[in-house]
Each structure stands twice: as C-alpha cells, then as structure tokens.
Amino acid sequence: MKFKFYTVCIALLFLLSFSSLHAQTFSDADDLAEAVNATTNGGIFIVKNGSYNDFEATFEVTVTADNPVIIKAETVGGVVLTGESHFVIRRSSYITLEGFTFDAQGEDTLVKLEGSNNIRITRNVFELETTESIKWVFVGGIWNDNTYPFDFPSHHNRIDHNIFKNKNTPGHYITIDGSFDDTGSEEVYYQSQHDRIDHNYFRNNGPRAVNEQESIRIGWSEMSLSSGFTIVEHNLFEDCDGDPEIVSVKSCDNIIRHNTFSKSYGTLSLRHGNRNKVEANYFFGAEK
C-alpha cells in the first residue's frame, strides 16, 4: 500500500510540474516559431492535428529543466508534415519535439540540432522521399562557430521512441557530428557529447550503397580522437541493408548495447576511435 501511495504521489507531482506550463495552439509554422523564440520561461506549444505542407521552423531559445519548451502534435501521429517540412533547433536548450509524422519530400535534414543541449526528439515518425544524400536527423555544432571553447557546444541530447523507415538514398537516419576549432595551425574536431539514442525502430534502409548509407553514424574520421560518450541502446534495426555498416562508430568512448539487428545485411562497425564498448547486442539473420 505504501508503495502504491508513493507511486501515485510521484505521478501527481510530475503532472503538476507540467500543468503550470502555459499551453498555446498553432496551425502556422511562422507563428509557432515566433512564440517559441519569444518565451523566457518555457511552455507547451501544440500544433493542431492535420496535414501541413512545407511546415518549416527554426527555434532558438534557451530555457531551463524546470521550465522547458515542449513542441508537440495535438495527438501523437495526428500532425503530418509533407513537402519540404523540417525543423532546425539552434543555440537552444531543454526543448522536446514530440509526436510528429514526417512524410516529407525535398533536400532538407528533417530535424537539425546546431549547438544545442538537452534536446529530446521523441515519438515521431520519419520518412523522406528524396534523390539527394540527406542526413535525416543531425546533431552537431554551429557551422560558423569555430572558436574553442564554443559558445554553444552540443551535448546531452536524446533521440528516443521514434520510427525511421524507408530510406533508399545515401545519408544516415541519424548522424552524431560536432564542432571544429580552426584557430590553430590545424583544425581540431570535437564531437557532440553525452547524447543518447534509445528505443527507436529503424527499418527498410536500402538498396545497397557503396558508402554513406549507415542507419547511425557516430563521429567521422577527422573526429576519431574526440570523445563522444554517446549511448546507443535498446533499438531495433530491421532490413537495414543500405550500407556495409549498419551502425558506424568513428570516435572514442561510446557505448553500443542491448540493440537487436534483424534481417539486416551489415555490421556494427568500430571504424575509428578508442575505448568504445559493445555489449549484449543481438543479431538474427533470418536466412539473409
């Protein structure tokens, strides 16, 4: 009885913490971005259910864990974003993006994080029809902020409980990148740190490409000596055949654990980097 009582109390406290956030409803991308970027104490920003073409928004707002920004569909899956719809989150913190269905066409990364931290991308569906090499979800630095220490380094972002499906061109479902410092005699690269990719479903990545069609890429060759501390766990990969490397690790101090690879013609690859840990992953060939 005591356990149930404490559980109910914790649940009520959680609900009360978010009930104090002011909720607004939108059906226009410009109005949504204007409202989000103007807030100083967080809030809930709801996009009304429906289908929206070319729904493009850039968010740039810094709030706190106690007063986050939550940008969400009215109901999970109830907002379908078509055409060149995409989101950019730049120089921001403590934003959650939740419940959108991307059924897009074009040449834009669907969700791009630039120099942001504590961003959560959750319960979305990602699908993009394109002829170009596109990174669908990108986590990195600000392209023109090249002086270390960076004003807005990328760190502690989470991508969870999403569906990524039907990728048939080069590029990655998820790319963990970073920033570089060009003030010295040579460029030095720093990966986004302490990001987590968990409980996602990746499926139908194909047909086979020679390179650059991994489902997840963490770092890259010039960033290989940088420590990422990225965790990839509890994801399902099914029919992910687009690249010889399903998950490609190209930096240091990352953990890949408790993932399931089913009917996927490729490898979990430690391509570059040191001190990476791979444990308790499951591979089922299903005669492929």
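Just so we're clear, the structure is a prediction, and the values are computed from it rather than from any experiment. (Residues numbered from 1 in each chain as written. Predicted model: local features only at pLDDT ≥ 70, side-chain atom pairs only at ≥ 80, totals over all residues. Heavy atoms only, no water.)

Visitor: What is the right way to look at the nonpolar core in this model?
Guide: Burial of nonpolar side chains together is a common tendency in soluble globular proteins. By size, the foremost hydrophobic cluster in this structure holds 55 residues, and its most contacted members are F59, I71, F100 and I174. A per-element tally of this core places helix α2 (residues 29-38) first, with five residues. (Core = buried A, V, L, I, M, F, W, Y, C linked by side-chain atoms within 4.5 Å. Buried < 20%, exposed > 50% of the residue type's maximum accessible area, 1.4 Å probe, protein only. Helix = DSSP H or I, 4+ residues; strand = E, 2+ residues; numbered from the N terminus.)

Visitor: Any chance you could explain the side chain of S248 here in plain terms?
Guide: Residue placement: S248 occurs in strand β24 (residues 245-250). Judged by its relative accessible area of 0%, S248 falls in the buried class. At 2.4 Å, the side chain of S248 and the side chain of E245 are in polar contact. (Polar contact = N/O pair within 3.5 Å; in protein donor to acceptor, adjacent residues only side chain to side chain.)

Visitor: Where do I start with the pairing of strand β15 (residues 163-167) in this structure?
Guide: Each regular strand carries side chains that alternate between the two faces of the sheet. Bridge count for strand β12 (residues 125-129) against β15 is two bridges, and the pairing is parallel. Note that in β15 the partner of F126 across the bridge is F164. When β15 meets strand β20 (residues 201-205), the two strands line up parallel, connected through four bridges. By the bridge assignment for β20, K167 is matched with N205. (Pairing = 2+ DSSP bridges.)

Visitor: What am I meant to see in a negative patch on the surface here?
Guide: A cluster of acidic residues, D28, D30, D31, E34, D54, E56, E84, E107 and E132, forms a negative patch on the protein surface. Looking at which element gives the most residues to the negative patch, the answer is α2, with three residues. With respect to the helices and strands, the residue E132 is situated in the loop between β12 and β13 (137-140). Residue classification places E132 among the partly exposed residues on the basis of a relative accessible area of 34%. (Patch = residues over 30% accessible without salt bridge, like charges linked within 9 Å, V, L, I, M, F, W, Y side chains within 5 Å. Areas by Shrake-Rupley, 256 points an atom, 1.4 Å probe, with all protein chains shown as cover. Salt bridge = Lys/Arg side-chain N within 4 Å of Asp/Glu carboxyl O. Lys, Arg positive; Asp, Glu negative; His and termini not counted. Charge placed at Lys NZ, Arg CZ, Asp CG, Glu CD.)

Visitor: Teacher, can you tell me more about the packing of aromatic side chains here?
Guide: For any pair of aromatic rings, geometry is given as the distance between the ring centres together with the angle between the planes. Summed over the entire model, instances satisfying the criterion amount to 20 aromatic pairs. With 6.2 Å between their ring centres and 25° between their planes, F26 and F45 make a pair best called stacked. Taken as a pair, F26 in strand β1 (residues 23-26) and F45 in strand β2 (residues 43-47) lie far apart in primary sequence, 19 residues in all. Of the two residues, F26 and F45, neither departs from the other in class, the shared state being buried. Relative to Y190, the ring of F150 lies with its centre 5.7 Å away and its plane at 75°, an arrangement referred to as edge-to-face. On the criterion of sequence distance, the pair formed by F150 in the loop between β13 and β14 (158-160) and Y190 in strand β18 (residues 188-191) is long-range, its members being 40 residues apart. (Phe/Tyr/Trp six-rings, centres within 6.5 Å; stacked < 30°, edge-to-face > 60°.)

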